[in-house]
Every structure is written in C-alpha cells, then in structure tokens.
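Listed here are the chains, written in short residue letters.
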Amino acid sequence: MRVTRKLTTLVGAPLAAAAMLALGAGTASAAIPVNKPMNGTATYYDDAGFGACGTQINAATQLLVAVPHSWWTTANPNNDPLCKGISVKVTYRGKSITVPVRDKCPSCDSTHLDLSKPAFATFAPLGQGVINGLTWQFVRTGPAGGTVPISAPVTGSAIG
C-alpha cells in the first residue's frame, strides 16, 4: 500500500503541539523527541514540487522523509523546527539511513513515516508497499537556515 497525497505548504498547528504548550512544555519545539527511538511503519511517495519546508523536492529521486502531521508545531511549516536541521534516522533489519525532513504527511499517524522512493528501496522492494516493525528517531543534523531551536525531549510525547 502506497500513501498518495499532495504536498503541503500551509496547515494549522496540530492539537498535540497546543496541548504541549498548555501543559507548560515551554516552546512548541519541545514536542520533538530528539534521539528517542520509536517503533513504526513506513510507506513511500514520489511527489515532486515544493515540500512542507518550502524547498523543492523530488521524492522519486532524492533521499528524504515526510514526517507525520502530528509532529509539526507551527501554522507555517516553512518556519517549523522540523525544517531547521532535523533528520530522521530509520533502522530496519540491521540497516540504517538518515534522511532529512523535507515534507509533511497529513495522512500518517504519529509513528508512520512516508519515505521517498529511494529511501524506502534501501530497506525493501517498492512492490512491498509497507514496511512494518522499523525503528526511527529524530536526530539533529545541523542548521538549515538558522539555529536548531530544539529543547530536551519531552517525556511521554511519543508513542513507541
């Protein structure tokens, strides 16, 4: 099964981020659990155009990932902390890759990644459609247009 969707450029802030702020978690960026492994699934997509981070992408040819909508914390995803030096390290059957966050997956639940075609093909044939039982985590990979405003992981913010 392949997730098909249109690229997103403007979406309202998710309720999870609003709840984190209401609970006194500090800034919305505190909702990103950097270096906290999660178990999940992955599908692939092949959209081309502008990704949620406001840069041109081609998911048919580039290594990248669309992250579930629930992890985005700003109304304008171009300014989201996920677009500022955050990548996702994906591990499956002893093989790992680290791919930059460049897009949003509106139909993915909080542990479901939508990998680009070449990223998915690193782990399984495209015909498989879904990879179950992988582990992934957000990682800092450096600034992308500025500093990375990520605080320490928030306990209980990820389903794993």
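Residues numbered from 1 in each chain as written. Predicted model: local features only at pLDDT ≥ 70, side-chain atom pairs only at ≥ 80, totals over all residues. Heavy atoms only, no water.

## Points about the environment of Tyr45
Inference 1: Note that Tyr45 resides in strand S1 (residues 38–45).
Inference 2: The exposure class assigned to Tyr45 is buried, which follows from its relative accessible area of 1%.
Inference 3: Taking the C-alpha atoms as reference points, Tyr45 and Ala60, 15 residues apart in sequence, are found 7.2 Å from one another.
Inference 4: Only 3.1 Å separates the side chain of Tyr45 from the side chain of Asp103, close enough to count as a polar contact. (Helix = DSSP H or I, 4+ residues; strand = E, 2+ residues; numbered from the N terminus. Buried < 20%, exposed > 50% of the residue type's maximum accessible area, 1.4 Å probe, protein only. Polar contact = N/O pair within 3.5 Å; in protein donor to acceptor, adjacent residues only side chain to side chain.)

## Some remarks on the environment of Pro37
Inference 1: Examined against the element boundaries, Pro37 turns out to sit in the loop between helix H1 (15–22) and S1.
Inference 2: Here Pro37 falls in the partly exposed class, since its relative accessible area comes to 47%.
Inference 3: With 100 residues separating them in the primary sequence, Pro37 and Gln137 have C-alpha atoms 4.7 Å apart.
Inference 4: Beyond its immediate stretch of four places on either side in the chain, Pro37 contacts Thr135, Trp136 and Gln137. (Contact = heavy atoms within 4.5 Å.)

## A look at the environment of Ile97
Inference 1: Here Ile97 shows up in strand S6 (residues 95–105).
Inference 2: Judged by its relative accessible area of 15%, Ile97 falls in the buried class.
Inference 3: Not counting chain neighbours up to four residues away, the residues in contact with Ile97 comprise Val88, Lys89, Val90, Ala119, Thr122 and Phe123.

## What about the sheet that holds strand S8 (residues 131–140)?
Backbone-to-backbone hydrogen bonds pair the strands of a sheet. The strands run either parallel or antiparallel.
Inference 1: Here six strands make up a closed barrel; going around it, the order is S1-S7-S4-S6-S5-S8 and the pairing mixed. Going from strand to strand, the sheet's axes swing by 45° on average, the running direction of each strand aside.
Inference 2: Relative to S6, strand S5 (residues 86–92) is paired through six bridges, and the arrangement is antiparallel. Bridge assignment links Val88 to a residue of S6, and that residue is Val99. (Pairing = 2+ DSSP bridges. Axes fitted to C-alpha atoms, helices over the stretch in contact; angles between N-to-C directions.)

Without other data, these values stay purely geometric and don't point to any function.
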